[in-house]
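# Notes for the structure review
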Amino acid sequence: MSLSDHKGIFVIAQQVDNKIMGVSYELVGEAKKLASHLGCEVTAVLLGSGVEDLCDSLAERGADNVIVVDDPALKDYETESYTHGVSEVIKAKKPEIVLFGATAIGRDLAPRVSARLHTGLVADCTKLDIQENTNLLMMTRPAFGGNIMATILSPDHRPQMATVRPGVMKKQEAQKGAKAKVENFAINDFSSHKSYEILEIVKKVIGRMDVQDAKVLISGGRGMGGPENFPMLEELANLMGGTFSASRAAVDAGWVEKDRQVGQTGKTVRPNLYVACGISGAIQHLAGMEDSEVIVAINKDPSAPIFEVADYGIVGDVFKILPLFTEEVKKIMEQKA
């Protein structure tokens, strides 16, 4: 393999029902930063059926080029077809770096592509950077249950590949009217790369807002005492148009579902307001929420690490303070009504 033959950064743009997933915009924005160090272009690779209309949105977020693989066989995500499509594009174009979102699709697709290309893959990254002098991609991810952060390099194989956790990177502001060079990449043999048939897709309706979409998060930890007390958080969150979340301790105890977890081994969030209730503030949790615009911490331990990142701290019993907080919000809402 000649490493010098590989140029540029590719972002595998994930779409579901012809809608680009937010993590793809985040990755395009991050790829632009990396590209500024390498002096190269950012290319979004878009697979699907009838998806060419989505190219402009990728251009507006910073993509210099968009490669479109449009085929009826790609209407719904199917492992073998998408693996074949992405692999063929990468083999033909030889990018230096390829980034995937660490979503259900990305976590299924990326390792299969890396195996076909005989290159490495660093999964679930929370930070990307370019190493000085070598220009290698520095891929940082939690290791040993989130207790340490490991930075991994791939000096001998190309492309350098990583999946990146949603919510970690910031989206670039949309530049309305921006255009990218669009290339239609034809692949004619998808039928021979399909080992099963999708008969039906059953979509689950989730009653609660995703924690990564919420502008307000009321989050609980071990200090909430048990699952019976989390409705207090949900009540306040609903009043404020947000949702509730939890620390790993609360999830591991079985009090809250895994999809509510914030932290290195959970989800990374950036709400306008994050209220931490009974959360001590271990570094693993802080890594998932410290970029929140305003952080309010309620904890009876005045030396809790959460206060080091909080904009406002309240030392006291969460079961006394939170009801008072909720009553005040109710009064404000009634006045507005």
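These remarks concern the structure in this document. (Residues numbered from 1 in each chain as written. Predicted model: local features only at pLDDT ≥ 70, side-chain atom pairs only at ≥ 80, totals over all residues. Heavy atoms only, no water.)

## Quick notes on the sheet that holds strand S7 (residues 122–125)
Spatial ordering of the open sheet is given by S7-S11-S6-S1-S4-S5-S12, a layout of seven strands whose pairing is parallel. The open sheet has two free edges, formed respectively by S7 and strand S12 (181–184), since each of these has just one partner strand. Direction aside, the axes of adjacent strands within the sheet are offset by 25 degrees on average. Both strand S1 (residues 9–13) and strand S6 (residues 97–101) contribute to a ladder of three bridges, which runs parallel. The residue bridging Ile9 from the neighbouring strand is Ile97, located in S6. Strands in contact with helix H1 (residues 22–38) are S1, strand S4 (42–48), S6 and strand S11 (160–164); relative to S1, the strand with the most contacts, it is inclined by about 180 degrees. Of the strands in this sheet, S1, S6, S7 and S11 touch helix H4 (residues 104–117), which is tilted by about 170 degrees from S11. (Pairing = 2+ DSSP bridges. Helix = DSSP H or I, 4+ residues; strand = E, 2+ residues; numbered from the N terminus. Axes fitted to C-alpha atoms, helices over the stretch in contact; angles between N-to-C directions. Contact = heavy atoms within 4.5 Å.)

## A look at the side chain of Thr79
Mapped onto the elements, Thr79 comes out in helix H3 (residues 79–93). In this structure Thr79 comes out as buried when scored by relative accessible area, which is 11%. Ignoring sequence-local partners within four residues, the contact set of Thr79 consists of Asp108, Arg112 and Tyr196. (Buried < 20%, exposed > 50% of the residue type's maximum accessible area, 1.4 Å probe, protein only.)

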